[in-house]
Amino acid sequence: MDRRWLAGRELSPGADFRLFCLPYAGGGAAVYRAWQEAAPAGVQVVALEPPGRGTRLREAPFRRLAPLIRSVADALTDALDRPYALFGHSMGGLLAFELARALRRRPVRQPAHVFISAAASPGTAPGRPLLHCATDGEILGRLAELGGTPPGLLDDVELMELMLPVLRADFAVLETYEYRAEAPLSVPLTVLGGRADRIVPPRALDGWQRHTSAGSRLCLFPGDHFFLHGATADLMSTVVRDSGAAAVAGPARLPH
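Values in this document were obtained by computation on a predicted structure and should not be read as measured data.

### Brief notes about the overall build of the protein chain
The number of helices and strands found in the protein chain is 7 helices and 6 strands. In the protein chain, the order of α-helices and β-strands from amino to carboxyl end is β-α-β-α-β-α-β-α-α-α-β-β-α. In the protein chain, 80% of the contacts between residues at least 6 apart in sequence involve partners at least 24 apart. Accessible surface for the protein chain amounts to roughly 11700 Å². Of this, 54% is attributable to carbon and sulfur atoms.

Quick look at the structure:
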C-alpha cells in the first residue's frame, strides 16, 4: 500500500479486521487519532491521509471526487487481504460510499460494512451557497458556523493560510459532485448522525436506505455535526457490533 495514505504508519500484519477511516473536509488522519485505543484487539484502525494535509501537506489536494476515489482505491488494493469496513464522516461519508461503489467494480475483497456519518444522502438539495469559489472570509465564516474548529485556530493567520487551499479544494470535491445512479450496494450500511446537527440534520440521512440492498440502520448520537469527537467509545462499539468485527476481536479497550 502507498504509505503516504497511512500518515507514516504501517499496516499491522497481525490485524484480523481493518477499519479504513476517511476524514471530513479540511481534516486528515489525525481526526481518528484516539480510535485505535478504543478498538478491540485484532482490529486495526487505518486512518487515511489525503493529499494536502498532515504528513502530506506539501502535496496538492484533489479538487474533484472521481480522481480522489481512484487514488484511494488504487492505494488500498494490497491492503484488502482481510475483512474490513469503511468509515467516513461528513465529506468522508460521501467518499466512503463512492469508494465502496468503486471497489465493487474491481476484483478485490469487498467491505463487510460501510459506515456513513454526518453526510447527507445523494440527491439531497444543497442548502448553502457554494464555497469553493467564495472569499477567504466567507469560508472562515462557514467554519465558525460549522463549529468544528476552535476559534483560536480560526484567528491564526499563518495556519489559515495553509488550510484555506485545502478547505477550498475539499469544498470543490463536495460541491462539484454529481451523483450517478447505479444499482444499490450489496453491503449493509450504518448511517450515523448528531441529534443536534444543523448542517446535516437527521432528516437528511433518511435517503441512505435506498443505496443498499443489504439493509441499513440509523444511529443518532448526542451532539452537533462533529459529534464524533465526543463519542469515540460509543462509535467504536457500534462499528464492532455492526461490521461483524466482534467475531474476530477481543474485548474493547476504552480510551485513556
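From this point, the discussion proceeds with the structure in view.
### Observations regarding the pattern of salt bridges
A full pass over the atoms with the stated rule returns 14 salt bridges. Asp2 is paired through a salt bridge with Arg4; the nearest N and O atoms lie 2.7 Å apart. Owing to a relative accessible area of 27%, Asp2 belongs among the partly exposed residues under this scheme. Members of the salt-bridge network, linked through shared partners, are Glu98, Arg101, Arg104, Arg105 and Glu182.

### Here's the deal with the packing of helix α2 (residues 65–76) against helix α3 (residues 91–103)
Contact pair α2 / α3: the axes reach a minimum separation of 10 Å and the direction vectors enclose 65°. The handedness of the crossing between α2 and α3 is right-handed. For the pair α2 and α3, contact is made by Leu65, Leu68, Ile69, Val72, Ala73 and Leu76 and by Leu94, Leu95, Glu98, Leu99, Ala102 and Leu103, respectively. In the contact of α2 with α3, the residues fall into 11 nonpolar, no polar and 1 charged.

### Details of the nonpolar core
The biggest cluster of nonpolar side chains holds 41 residues, and the ones touching the most others in it are Phe20, Leu48, Leu86, Leu99, Val114 and Trp208. Mapped onto this core, the elements with two or more residues apiece are β1 (17–22), α2, β3 (84–89), α3, β4 (113–117) and β5 (189–194). The element contributing the most residues to this core is α3, with 9 residues. Setting aside residues up to four positions removed in sequence, Leu99 forms contacts with Leu22, Ile69, Val72, Ala73, Leu76 and Leu86.

Calculation notes
Residues numbered from 1 in each chain as written. Predicted model: local features only at pLDDT ≥ 70, side-chain atom pairs only at ≥ 80, totals over all residues. Heavy atoms only, no water. Helix = DSSP H or I, 4+ residues; strand = E, 2+ residues; numbered from the N terminus. Contact = heavy atoms within 4.5 Å. Areas by Shrake-Rupley, 256 points an atom, 1.4 Å probe, with all protein chains shown as cover. Salt bridge = Lys/Arg side-chain N within 4 Å of Asp/Glu carboxyl O. Buried < 20%, exposed > 50% of the residue type's maximum accessible area, 1.4 Å probe, protein only. Axes fitted to C-alpha atoms, helices over the stretch in contact; angles between N-to-C directions. Left-handed = near helix turned anticlockwise from the far one by under 90°. Nonpolar A, V, L, I, M, F, W, Y, C, P; charged D, E, K, R; others polar. Core = buried A, V, L, I, M, F, W, Y, C linked by side-chain atoms within 4.5 Å.

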